[in-house]
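Residue-level structure breakdown
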Amino acid sequence: IDEFRKMAERTSKEIGSIQQRVDDLEERVEKLEVENEDLKNRTKNALDSGFFMKRGERYEESKQMYRAVACYSISIRLSPKNASLYTKRSLFYIKQGAPGVAMIDASEAIRLDPKQAVAYRCRGFGNIHKAPALAIADYSEAIRLDPTVDNDFLHRGEAYMIRWDRARAIADFSEFLRRNPNH
């Protein structure tokens with residue numbers, strides 16, 4: 001069993017390494033395409049993080065996910081202190097079913113701008129099953145920063161249920177239902 005675990009860990013690391021190389025190549029291709037377009041059109045889009053963010057959104061809409069994340073990553077490289085970019089990529093990773101990766105970007109967004117409620121939501125979503133106490137803290141902060149998002153009560157209630165805190169879970173579920181009587 002120990003040998004199997006070691007083999008599984010090695011395989012997982014190798015897959016992660018291969019995925020990182022694919023991601024790096026995808027970013028390089030995107031960057032080169034834009035630089036080529038810049039040369040043809042005499043523009044400077046290859047230096048504009050907003051350009052890559054919008055390009056990533058278009059790729060996401062057309063279901064070209066590797067290209068979308070490549071553009072989001074380039075955008076972050078161009079503006080590494082912009083918390084909104086990390087939050088955007090975190091939301092993308094959540095939609096792709098990768099909450100663990102999303103938590104990394106959400107944490108960086110929070111570090112850069114602790115007033116971003118969306119970043120707390122993303123990190124809370126990633127923590128809900130792994131570390132429900134942390135998810136409760138993140139959803140509580142999201143609610144404090146932006147009490148208008150009803151689903152925060154629903155998700156925090158779910159985290160309370162995982163922790164077997166039924167009274168608080170019922171309170172949050174009740175608040176969600178009070179705000180959404182037709183749900």
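Summarised in this report is the structure supplied together with it. Being a predicted model, the structure only gives us computed values, none of them experimental.

**What about the packing of helix α6 (residues 117–127) against helix α7 (residues 132–145)?**
- Interhelical geometry of α6 versus α7 gives an angle of 160 degrees and a closest axis separation of 8 Å. Classified by the angle between their axes, α6 and α7 sit roughly antiparallel to one another. Crossing of α6 over α7 shows left-handed handedness. Judged by residue contacts, Ala117, Tyr120, Arg121, Arg123, Gly124, Phe125 and Asn127 of α6 engage Pro132, Leu134, Ala135, Asp138, Tyr139, Glu141, Ala142 and Leu145 from α7.
- Here the residues of the contact of α6 with α7 are counted per class, giving nine nonpolar, two polar and four charged.

**Some thoughts on the packing of helix α2 (residues 49–61) against helix α3 (residues 65–78)**
- The N-to-C vectors of α2 and α3 enclose an angle of 165 degrees; their axes lie 8 Å apart at closest approach. By the angle class used here, α2 and α3 are roughly antiparallel. When you trace α2 past α3, the crossing you get is left-handed. Facing Ser49, Phe52, Met53, Arg55, Gly56, Glu57, Tyr59 and Glu60 of α2, the residues of α3 in contact are Met65, Arg67, Ala68, Cys71, Tyr72, Ile74, Ser75 and Leu78.
- Considered class by class, the residues forming the contact of α2 with α3 number nine nonpolar, three polar and four charged.

So, how was this worked out
- Residues numbered from 1 in each chain as written.
- Predicted model: local features only at pLDDT ≥ 70, side-chain atom pairs only at ≥ 80, totals over all residues.
- Heavy atoms only, no water.
- Axes fitted to C-alpha atoms, helices over the stretch in contact; angles between N-to-C directions.
- Helix = DSSP H or I, 4+ residues; strand = E, 2+ residues; numbered from the N terminus.
- Parallel < 35°, antiparallel > 145°, perpendicular 65-115°, else oblique.
- Left-handed = near helix turned anticlockwise from the far one by under 90°.
- Contact = heavy atoms within 4.5 Å.
- Nonpolar A, V, L, I, M, F, W, Y, C, P; charged D, E, K, R; others polar.

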